[in-house]
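Per-entry structural report
Here is what each chain is made of, one letter per residue.
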Amino acid sequence: MASHGIPRVSGTLVDKSEQAKEKERRQIERYKAAEAEVIDRIRVKDYSATTLQATSTLLAQNPEYYTIWNHRRLVLQDAIAKEPTRTQPDDDIDAADLTAARLANQTPAQHQIALLLTEDLAFLLPLLKQYPKCYWIWNHRAWLLATATQHLPTSSAVTLWQGEMGLVTKMLGMDSRNFHGWGYRRTAVAALEGLSGGDVSLVEPEFEYTTKMIRANLSNFSAWHNRGRLIPRLLVERQASSEDRRKLFDAEFELITTALYTDPYDQSLWFYHQYLMSTLDTGNKHSVSILEPCTHGDRVRYLEQEIESIREMLDGAEDCKYIYQALLEYSMRYLEMEVEAGNQKVTTAERKGWLEELRKIDPLREGRWNDLESKMKL
Amino acid sequence: MSLAAGPGRGGGGGAQGQLPDEMKVVVEKHVAYIQSLDTRREELEYHLTEHLRISGIYWGLTALHLLGHPDALPRDGVLDFLFSCLHADGGFGAAPGHDPHMLYTVSSVQILAMVDGFDELEKRMKDGKLKVAKYIAGLQQPNGTFAGDEWGETDTRFLYCALNALSLLGFLPSQQADQPPLIDVPAATAYVKACQNFDGGFGTEPGAESHSGQVFTCCGALSITGELDSYLGEEGKDRLGAWLSERQLPSGGLNGRPEKLVDVCYSWWVMSSMAMIGRLHWIDKAKLTAFILQCQDPEEGGFADRPGDMVDVFHTVFGLAGLSLLGHPGLVEVDPA
Ligand SMILES: [Zn+2]
């Protein structure tokens, strides 16, 4: 009902052969039978292992069927609720399990819950690989982890969440822009930090991770975005002096400038440059601060430095619209800084020229350039 | 998305007469395509998408309204199906036997609003409107956001859905000034604002990357509460408008995030957000119109995500809504929020 990237075969309603129709009829029958099996069992509150298996069969075929995920959770909840009532180890739990439980600092009941949840996490793996953008799979995974955190000793929950970090690293290795992946990564980081009671911070390794991802593929805005989000906390945790802060700021400019020289036509990079520049912009409600203190002189100096540096990028990339956009945007902010007329590093003629180029290269956004012209009062 | 009040620009395609063929919306074929959707029970895909059925009906019905054929799906049949998905707690599932969820409850409320069916709801369930409103309100979390259902997944999509449905039901606190509020509006808008990024865009949760789908839901939410203009201000609109306008690629289509592929559904989210902040003139409307029309299947009806791909009802409604917002002749007007 909502498909992406599936080529249209000429005439979607092509006549199928009798054989194909028969095959499809049988598939539908099998699917409806698998569905009925789950629904009938849940209706009579049969929360057995057989019901769990029935939901697995159906979900493997259709992971978008959210009601079946709900049914699966009812079965799991029921199994979890029964565990603590089992005071004596019984026949179901063998000696090896008991030893494992003791080693993991778990009660026998907790050990059984851990096994159950781990098994379910494993069931999701091939599904996630096949449907990496399916909300309901990520949703169920998050529920399993939240349930584990609630019922298991902290050390066991930490082990599980560490496994999730490994998984999400693998997933982002395959699709470095996966939205769910990055969101889940932030969740896992927050969970691990939370479980440590504030003793553990993952800011440094996460910052490193964005560096690694950017090195692998400059165009990964998801990584640049996360990097920008981490920097304020990183500086606080490093107890950075104003000198340290300036060093980091300069290093980030160097990183992004090198990247921009590699590919000035990549939007992702320009947005990160904008992010750095936004930290100097007192008018942006959602900018963070990197320099502390950040004086009027600092703002003027960095604006001049970046305008100069971007101006040099034009050499050999005269057809790159982002360069002109950046020059116009930053020079507008620069001229609002009340720099004495005689010392201004940008002339009106120059700004007019940039705007003219921009109009030529990027006619799609002509309306925006018209508005920009009036805003700049050229 | 809702259809603008008052008379639209006609519909039925009469005004398209002057256009070259490739610029024409094949109205009759789209109508037939949508009507055919519920007759495809011999296809496995029909059964695999049952978890979307109510939304599918909402998309189909909206498309028909945009095409000027609002009666092409029988109202009684739609209402009967809708009420067969209603649960005692006031929530709607996607199909009979499916669990209640925010997404399908909102689609149901939107359908009821479109077919003028709230009286029917009251007849079938005592205090039905209030019950549905309470189901939605009950999903609000202490931090202001909304969960999709009792299992707790939260997302700014659900927050927008909740405000949209409550406003259609007439149960927003501002619409019920003499009653205790059903939801905490200030907490909801505070959450939306916390999802905004330095680039002017919004993400699924605080800290998440800007995404045009979330820009739409967050702008829509602030627009419903009447805060969009005052919150963003001209600078904020310029910043967000710039980010949105960069979604247009040389093909004329729009993508959802930097360096991603164009898609008809993103066209809608980006474009309607731009309309809400008065920046729709920052992209090339003629090129976007041409792109959306290239995604149309002129033989069998329907729109796809990209030219040459398989059509579906989801991209069909967003394609048509996009064309309507672009002022394409022959379509009924649409309200961006
Ligand atoms: Zn799409």
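These numbers come from a predicted model, not from an experiment.

The rules behind the values
Residues numbered from 1 in each chain as written. Chains lettered and ligands numbered in written order. Predicted model: local features only at pLDDT ≥ 70, side-chain atom pairs only at ≥ 80, totals over all residues. Heavy atoms only, no water. Contact = heavy atoms within 4.5 Å. Buried area = accessible area lost by both parts, 1.4 Å probe. Salt bridge = Lys/Arg side-chain N within 4 Å of Asp/Glu carboxyl O. UniProt positions renumbered as here; feature names shortened; annotations may be inferred. Helix = DSSP H or I, 4+ residues; strand = E, 2+ residues; numbered from the N terminus. Buried < 20%, exposed > 50% of the residue type's maximum accessible area, 1.4 Å probe, protein only. Disulfide = S-S within 2.5 Å. Core = buried A, V, L, I, M, F, W, Y, C linked by side-chain atoms within 4.5 Å. Domains from an automatic or database assignment. Polar contact = N/O pair within 3.5 Å; in protein donor to acceptor, adjacent residues only side chain to side chain. Donors = N, O, S within 2.8 Å, 3.2 Å for Na, K, Ca; no water. Axes fitted to C-alpha atoms, helices over the stretch in contact; angles between N-to-C directions. Parallel < 35°, antiparallel > 145°, perpendicular 65-115°, else oblique. Nonpolar A, V, L, I, M, F, W, Y, C, P; charged D, E, K, R; others polar. pLDDT = per-residue confidence, 0-100. Expected span 1.5 Å × (residues − 1).

1. Some thoughts on the interface of chain B and chain A
- Chain B puts 76 residues into the contact, and the matching count from chain A is 64 residues.
- Together, the buried faces of chain B and chain A total about 6200 Å²; carbon and sulfur atoms form 52% of this surface.
- The largest share of the area that chain B buries against chain A comes from B:Trp151, B:Phe198 and B:Glu246, three residues that together contribute 15% of it.
- On the surface where chain B and chain A come into contact, there are eight salt bridges.

2. Structural notes on the UniProt feature "domain: Prenyltransferase alpha-alpha toroid" (unreviewed entry) in chain B
- UniProt's entry tags residues 27–336 of chain B with the feature "domain: Prenyltransferase alpha-alpha toroid" (unreviewed entry), counted in the numbering of this structure.
- This span, residues 27–336 of chain B, is 51% helix and 2% strand, and a straight line between its end C-alpha atoms measures 22 Å.

3. Describing the side chain of A:Arg141
Residues and elements named next belong to chain A.
- Position of Arg141 relative to the elements: it lies in helix α6 (residues 135–151).
- The class of Arg141 is buried, set by a relative accessible area of 3%.
- Residues in contact with Arg141, not counting those within four places in the same chain, are Leu121, Leu124, Leu125, Leu128, Glu164, Leu167 and Tyr184.

4. A short note on the environment of B:Leu159
Residues and elements named next belong to chain B.
- Inspection of the secondary structure assignment puts Leu159 in helix α8 (residues 156–169).
- Separated by 59 residues in the primary sequence, Leu159 and Cys218 have C-alpha atoms spaced 8.3 Å apart.
- Non-local contacts of Leu159, meaning those with residues more than four positions away in its chain, are made with Gly144, Thr145, Phe146, Ala188, Tyr191, Val192 and Ala221.

5. A word on the state of the cysteines
- Scanning the entire structure with this criterion turns up zero disulfides over all chains.
- The cysteine A:Cys134 is free of any disulfide, with B:Cys265 supplying the nearest cysteine sulfur at 16 Å.

6. Considering the nonpolar core
- By size, the foremost hydrophobic cluster in this structure holds 217 residues, and its most contacted members are A:Ile323, B:Met102, B:Ile136 and B:Phe202.
- Taken domain by domain, the makeup of this core includes at least three residues from each of domain 1 (201–257 + 269–291) and domain 2 (295–378) of chain A.
- Among all residues touching B:Met102, those that are not within four sequence positions of it are B:Tyr135, B:Ile136, B:Leu139, B:Phe146, B:Ala147, B:Gly148, B:Phe158, B:Cys161 and B:Ala162.

7. Considering the domain arrangement of chain A
Residue and element names in this part refer to chain A.
- What the domain assignment lists for chain A is domain 1 (201–257 + 269–291) and domain 2 (295–378).
- Each of domain 1 and domain 2 was reduced to a C-alpha centroid, and the two centroids are 23 Å apart.
- Taken together, the contact between domain 1 and domain 2 spans 14 residues of the former and 15 residues of the latter.
- It is Trp270, Met277 and Leu280 in domain 1 that bury the most area against domain 2; as a group they hold 48% of the surface buried on that side.
- Summed over the shared surface of domain 1 and domain 2, the number is two salt bridges.
- Residue Arg333 is joined to Asp281 by a salt bridge in which the shortest nitrogen-to-oxygen separation is 3.9 Å.
- Counting every contact that joins domain 1 to domain 2 gives six residue pairs in polar contact (both at pLDDT 80 or more).
- Listed by contribution, the elements that provide at least two residues to the side of domain 1 that touches domain 2 are α11 (242–262) and α12 (267–278).

8. As for the coordination of the zinc ion
- Within the protein, A:His4 (NE2), B:Asp263 (OD), B:Asp263 (OD), B:Cys265 (SG) and B:His315 (NE2) serve as the donor atoms for the zinc ion, at 2.0 to 2.5 Å. Of the two residues, B:Asp263 is situated in the loop between α11 (228–245) and α12 (264–276) and B:His315 in helix α14 (residues 313–325); the sequence distance between them amounts to 52 residues.

9. Concerning the pattern of salt bridges
Residue and element names in this part refer to chain A.
- A full pass over the atoms with the stated rule returns 50 salt bridges over all chains.
- Residues Arg311 and Glu308 are paired through a salt bridge, measuring 2.8 Å at the closest nitrogen-oxygen approach. Of this pair, Arg311 and Glu308 both sit in helix α13 (residues 296–313), three residues apart, which is roughly one turn of the helix.
- Classification of Glu308 by relative accessible area gives partly exposed; the value is 36%.

10. A short note on the packing of helix α4 (residues 95–103) of chain A against helix α5 (residues 108–130) of chain A
All names here are of chain A.
- In the contact formed by α4 and α5, the axes pass within 9 Å of each other and the chain directions differ by 100 degrees. With respect to each other, α4 and α5 are oriented roughly perpendicular. From α4, Asp97, Leu98, Ala100 and Ala101 reach across to α5, where they touch Pro108, His111, Gln112 and Leu115.
- Among the residues making up the contact of α4 with α5, the classes are represented as five nonpolar, two polar and one charged.

11. A word on the confidence of the model for chain B
All names here are of chain B.
- Of the residues in chain B, 96% reach a pLDDT of 70 or more, and the chain-wide mean stands at 93.
- Considering each helix and strand of chain B separately, the mean pLDDT is smallest for strand β1 (residues 2–3), with a value of 56, and largest for helix α7 (residues 128–137), with 98.
- Throughout residues 4–14 the model reports pLDDT below 50, and contacts reaching past four residues in sequence, or to other chains, amount to 21 contacts.
- Reported confidence for the predicted complex is 0.92 by ipTM and 0.93 by pTM.

12. With respect to helix α1 (residues 18–43) of chain A
- When the terminal C-alpha atoms of α1(A) are compared, their 37 Å separation across 26 residues agrees well with the 38 Å that a helix rising 1.5 Å per residue should span.
- Buried within α1(A) we find A:Glu24, A:Ile28, A:Tyr31, A:Ala34, A:Glu35, A:Val38 and A:Ile42.
- In this structure, the buried side of α1(A) is in contact with α2 (49–61) and α3 (66–82) of chain A together with α2 (44–48) of chain B.
- Following α1(A) by one or two positions, A:Lys45 has its phi on the positive side, about 55 degrees.

13. Considering the environment of B:Leu232
Residues and elements named next belong to chain B.
- As for its placement among the helices and strands, Leu232 is situated in helix α11.
- For Leu232, a relative accessible area of 7% translates into the label buried.
- Apart from residues no more than four positions distant in its own chain, Leu232 is found in contact with Gln196, Lys237, Leu240 and Ile277.

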